[in-house]
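Architecture and fold: a report
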Amino acid sequence: MNRRTKIIALICSICLMMTTFFTSAEAADVSNQNKAGGSIRFGYVESEEYGSFTQLLLDMALELVEEGSIAPEFRSKYENINFENTLETGDTRKLWNDICDANVKGARYQFVKEAFFDLDEMDESEYEKVANRDDVDITLSMGTASGVYLAEHEKKNKFMNMFSGDPIASQIVKSETERFDDRSFALVDQTSYVRQLDAGYKFLGFKKLGVVYEDSEDAYIYSAIDVVEKKASEYGFEVLYEHVDEPVSDDDYDRYYSELKQAYRRLVNNGVDCLLITVASIDYEEKMQELLDDYVIPSGIKTIAQDELLPVQCGALFGITLTDCEESANHMIKQIRRYNEEGVPFDELDMVCEATPQIGVNFTTAQRIGFDISFENLQMVDYIYRNDD
């Protein structure tokens, strides 16, 4: 082999080694995208303050105490507190700060104190602070509005949305298994409102259902009007609708409650025997009983609470849980670990989580409207509330 041939062979060898090196590095980089095994930094955004949002975040944090990312003393402070379906107001910002303060230095999962946002407390001009942050890898999102905003504006980091009324109809994700991009994730349960109306119809046996909701595309989705119409066709009950605009400010609540009472009265006068209290801006603890006492309960009208069990504690007759925060938290942490520790691609994580439903009944209201709960139905009830004064 002459000198020129040796040089050519040496150059070829070097090129081959460089190609192998960069190919391996590229493969390692792709692998690290799915199986980093390093620290993940969490941010948080909620559409508004809501007890179940607080509880789900708490249950996720308690799961991470076991993992070692949050100090054990956090559990002793919070393990006996329950924000879900109780009259205790959730304080998510305080909880977030406590989680951040309990972060174990160098642990796999970190919570960023500065990355907490409540859209209800912000001007729209400030929303841009929520997305595309440099200090966050995954944003935990609660509620439809926050999920929709991230789906439309988050172009850099990943986000995981929970507690959206219908994340598919809201276009947060495309389907139970498909996303619009590889950064998005939403907790999906397409059967929750179906279960609610199935149980309500069988338990209460109504013939004409009254429904009040805001006449907007968003309210149509989060009030599950499509499910109402589907079940009306299936069971043969009639539905009457009234529309009331949601309050746009604190000063607008008097108008809102006044119009809500008027809408309820019109429905009762038009012959409904049951009222569906849709997800809305009602302060249940302060206003639920007043709204029902005005005309609904004196007229012997049954009521179904769409917003789980808190309205039932405050005077609505019947409700079922749509979610179980502990089950949802377990599912979310499992998916996060699959992504970060097992290398499962983010857009292949399992988004479907169907909660085990539980039924609640207000016995005081049942007595006031003369509704006799059969022994068979009573055996189905998980929670019985009384609010006698």
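Take the pairing of strand β6 (residues 208–213) next. Most of β6 is tucked away, with five of its six residues classed as buried. Sheet topology note: the β6/strand β7 (residues 238–243) ladder contains six bridges and is parallel. Paired with lysine 208 across the bridge in β7 is glutamate 238. Bridging between β6 and strand β8 (residues 274–277) involves three bridges; their strand directions are parallel. Counted as the bridge partner of leucine 209 is cysteine 274 from β8.

Turning next to the pairing of strand β2 (residues 109–118). Buried residues dominate β2, accounting for eight of its ten residues. Here strand β1 (residues 40–46) pairs with β2 via six bridges, running parallel. Its bridge partner being in β2, phenylalanine 42 is matched across the sheet by phenylalanine 111.

Nonpolar side chains collect at one region of the surface, where Phe363, Leu378 and Ile384 lie side by side and expose about 240 Å² of accessible area between them. Checked against the element boundaries, leucine 378 lands in helix α14 (residues 375–378). Residue classification places leucine 378 among the partly exposed residues on the basis of a relative accessible area of 36%.

So, about the sheet that holds β7. As summarised here, the arrangement of the seven strands in space is β7-β6-β8-β9-β10-β11-β12, forming an open sheet in which the pairing is mixed. Strand pairing shows two members of the sheet lacking a second neighbour, β7 and β12 (383–385), which therefore form its edges. Each neighbouring strand pair of the sheet contributes to a mean axis angle of 20 degrees, computed without reference to strand direction. Where strand β9 (residues 302–305) and strand β10 (residues 318–320) come together, two bridges link them in parallel fashion. Note that in β10 the partner of alanine 305 across the bridge is glycine 319.

The rules behind these values
- Residues numbered from 1 in each chain as written.
- Predicted model: local features only at pLDDT ≥ 70, side-chain atom pairs only at ≥ 80, totals over all residues.
- Heavy atoms only, no water.
- Buried < 20%, exposed > 50% of the residue type's maximum accessible area, 1.4 Å probe, protein only.
- Helix = DSSP H or I, 4+ residues; strand = E, 2+ residues; numbered from the N terminus.
- Pairing = 2+ DSSP bridges.
- Patch = residues over 30% accessible without salt bridge, like charges linked within 9 Å, V, L, I, M, F, W, Y side chains within 5 Å.
- Areas by Shrake-Rupley, 256 points an atom, 1.4 Å probe, with all protein chains shown as cover.
- Salt bridge = Lys/Arg side-chain N within 4 Å of Asp/Glu carboxyl O.
- Axes fitted to C-alpha atoms, helices over the stretch in contact; angles between N-to-C directions.

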